[in-house]
Amino acid sequence: MPDGKPAGERCIQLDTHNRCQIFGLPERPEVCLRFSATVDVCGRSDPEAYELLRWLEEDTLPKGDSVSTQGQ
Ligand code: SF4
């Protein structure tokens, strides 16, 4: 995503099985390369991951902003 991925927005690189289509390719963003998936962030299922990510995004938003749930 040329301008970065806004909070709450689905990454355009995810396929229909929620797998990264550019995993292992040089164009994968640095932030993704540095991220290590852990159960406390990603949970043990897709619904658990969405809930944890929504909570993390809401908890780290500047005051007055809200999280979009578009694409989830
Ligand atoms: S690893 Fe990065 S580029 Fe790939 S789907 Fe996730 S956020 Fe998108």
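**A look at the environment of Ser 36**
Inspection of the secondary structure puts Ser 36 in the loop between helix 1 (30-34) and helix 2 (39-42). Of the residues examined, Ser 36 reaches a relative accessible area of 53% and is grouped as exposed. The sequence separation of Ser 36 and Leu 14 amounts to 22 residues, and the corresponding C-alpha distance is 17 Å.

**Digging into unusual backbone geometry**
Unlike most non-glycine residues, Asn 18 shows phi in positive territory, near 60°. Inspection of the secondary structure assignment puts Asn 18 in the segment before helix 1.

**What to know about the confidence of the model for the chain**
Confidence along the chain averages 87 in pLDDT terms, with 92% of residues attaining 70 or more. By mean pLDDT, the top-scoring element of the chain is helix 1 (94), and the lowest-scoring one is helix 3 (residues 46-59) (90).

**Some thoughts on the layout of surface pockets**
Looking at the largest pocket, its volume works out to about 1200 Å³. For the largest pocket, the lining is made up of 29 residues, of which Lys 5, Cys 11, Leu 14, Phe 35 and Leu 53 are closest to its centre. Breaking the lining of the largest pocket down by element, the ones donating at least two residues are helix 1, helix 2 and helix 3. For the lining of the largest pocket, the class distribution of residues is 15 nonpolar, 7 polar and 7 charged.

**Here's the deal with the pattern of salt bridges**
Applying the stated criterion to the full structure yields 3 salt bridges. In this structure, the salt-bridge partner of Arg 34 is Glu 30, at a minimum N-O distance of 2.9 Å. In this pair, Arg 34 and Glu 30 are both assigned in helix 1, 4 residues apart and thus about one turn of the helix distant. For Arg 34, a relative accessible area of 66% puts it in the exposed group. Its salt-bridge partner being Glu 51, residue Arg 54 comes within 2.5 Å of it at the nearest N-O pair.

Cut-offs applied
- Residues numbered from 1 in each chain as written.
- Predicted model: local features only at pLDDT ≥ 70, side-chain atom pairs only at ≥ 80, totals over all residues.
- Heavy atoms only, no water.
- Helix = DSSP H or I, 4+ residues; strand = E, 2+ residues; numbered from the N terminus.
- Buried < 20%, exposed > 50% of the residue type's maximum accessible area, 1.4 Å probe, protein only.
- pLDDT = per-residue confidence, 0-100.
- 1 Å grid on protein atoms, 1.4 Å probe; cavity = no way out; pocket = protein on both sides within 12 Å on 5 of 7 lines; lining within 4 Å.
- Points joined across faces, edges and corners; volume = space filled by probe spheres on them.
- Nonpolar A, V, L, I, M, F, W, Y, C, P; charged D, E, K, R; others polar.
- Salt bridge = Lys/Arg side-chain N within 4 Å of Asp/Glu carboxyl O.

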